[in-house]
Amino acid sequence: MFSDMLHFIYDGLTALEKRKFSVAFNLLRKPFKEGLPLAAWMCADEEGFFSRLKVDPSGSFDPRKLDQQKRRDLYRAAACQSGCKDFIDADYLDGVVSDRSNSFGLAPLFDKSTHYVTGNRAIETEAYNINMIFKNRTDNDVYEGCYKDIAYILFFMHMIQINIYSRMSSAKKKYINWLIFSTLSVFESLFVTGSSNMLRFMNKEFGEFFQCPMCEADFRIHKKQAPRFFIMELVECKECGMTHQFPFNWLLSKVDLDLGRA
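Residues numbered from 1 in each chain as written. Predicted model: local features only at pLDDT ≥ 70, side-chain atom pairs only at ≥ 80, totals over all residues. Heavy atoms only, no water.

Student: A description of the side chain of Asn 203 should follow, citing residues and the corresponding values.
Tutor: In this structure, Asn 203 sits in helix α10 (residues 197-206). A distance of 3.0 Å separates a polar atom in the side chain of Asn 203 from the backbone nitrogen of Ile 221. For Asn 203, the residues in contact, after removing those within four places along its chain, are Phe 210, Arg 220 and Ile 221. (Helix = DSSP H or I, 4+ residues; strand = E, 2+ residues; numbered from the N terminus. Polar contact = N/O pair within 3.5 Å; in protein donor to acceptor, adjacent residues only side chain to side chain. Contact = heavy atoms within 4.5 Å.)

Student: Hey, could you go over the pattern of salt bridges for me, with residue numbers and the actual values?
Tutor: Opposite charge on two side chains lets them pair, provided their charged atoms get close. Scanning the model with the defined rule gives 14 salt bridges in all. A salt bridge links Glu 34 to Arg 29, with the shortest nitrogen-to-oxygen separation between them at 3.5 Å. The exposure class assigned to Glu 34 is partly exposed, which follows from its relative accessible area of 35%. Asp 91 serves as the salt-bridge partner of Arg 76, at 2.9 Å between the closest nitrogen and oxygen. Placement of the pair is Arg 76 in helix α5 (residues 68-82) and Asp 91 in helix α6 (residues 90-98), with a sequence separation of 15 residues. What makes Arg 76 partly exposed here is its relative accessible area of 36%. Owing to a relative accessible area of 37%, Asp 91 belongs among the partly exposed residues under this scheme. (Salt bridge = Lys/Arg side-chain N within 4 Å of Asp/Glu carboxyl O. Buried < 20%, exposed > 50% of the residue type's maximum accessible area, 1.4 Å probe, protein only.)

Student: Can you break down unusual backbone geometry residue by residue, with the values?
Tutor: When glycine is set aside, most residues are seen to have a negative phi, and most peptide bonds are trans. The backbone of Met 132 sits at a positive phi, close to 70°, despite the residue not being glycine. Secondary-structure assignment places Met 132 in the loop between α7 (107-114) and α8 (143-166). Within the chain, Glu 233 stands out as a residue other than glycine whose phi angle is a positive 55°. Within the secondary structure, Glu 233 sits in the loop between α11 (226-232) and β1 (234-236).

Function cannot be inferred from these measures alone, as they are strictly geometric.
Shown next as structure tokens:
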């Protein structure tokens, strides 16, 4: 199931990058709106999930029968099981994915991209319009909120996936630490206003190692540098302008942390 979901997500993000909005949200709708509750169910209640899969999958897993409370309970339980309960808000997550009245969420975009005409009051097709067809591809309004929500969902999905796979072969604690630390740091840097708690912690705990190998100037990681630093492990020295590698993943592996503990 995860492989199928990832193919849809990859092609959806590619279409979004090309500003093919209708195609993008059509592709993202299936893994986020239909696949995510099932993945959460598998993580939260493995025995119950497979029992229903054997007896009555069409009746048990019909999206129309998974009401709001059921979905939120599944998200909340899966977040506890996978060790990310402090980072995932089940109510917010469900509001983003399933609430059509949430004008800042993904749900209205899912339905408008799937149907040429929508009658629900929250997403009713406007006069002189057919959903997404006359959307100006040069507009950036779609991007303002969707990347934050997509990143939030993908983090949750990845933690669920690790938890489920760990039941067959345990994932290393060092990998979980790196995943949580780097993901949350990048998320805060890109989407959270004000200072970053993760960067403040990192600069304090690892500051003694932050020195340019060329000019030996001390440096700190700032919000603008953080995505490049955590994803590519590259940092630019403000003093000499040199861009160099920094082995953050290796350094983090030497610290005794357990960020994935539920």
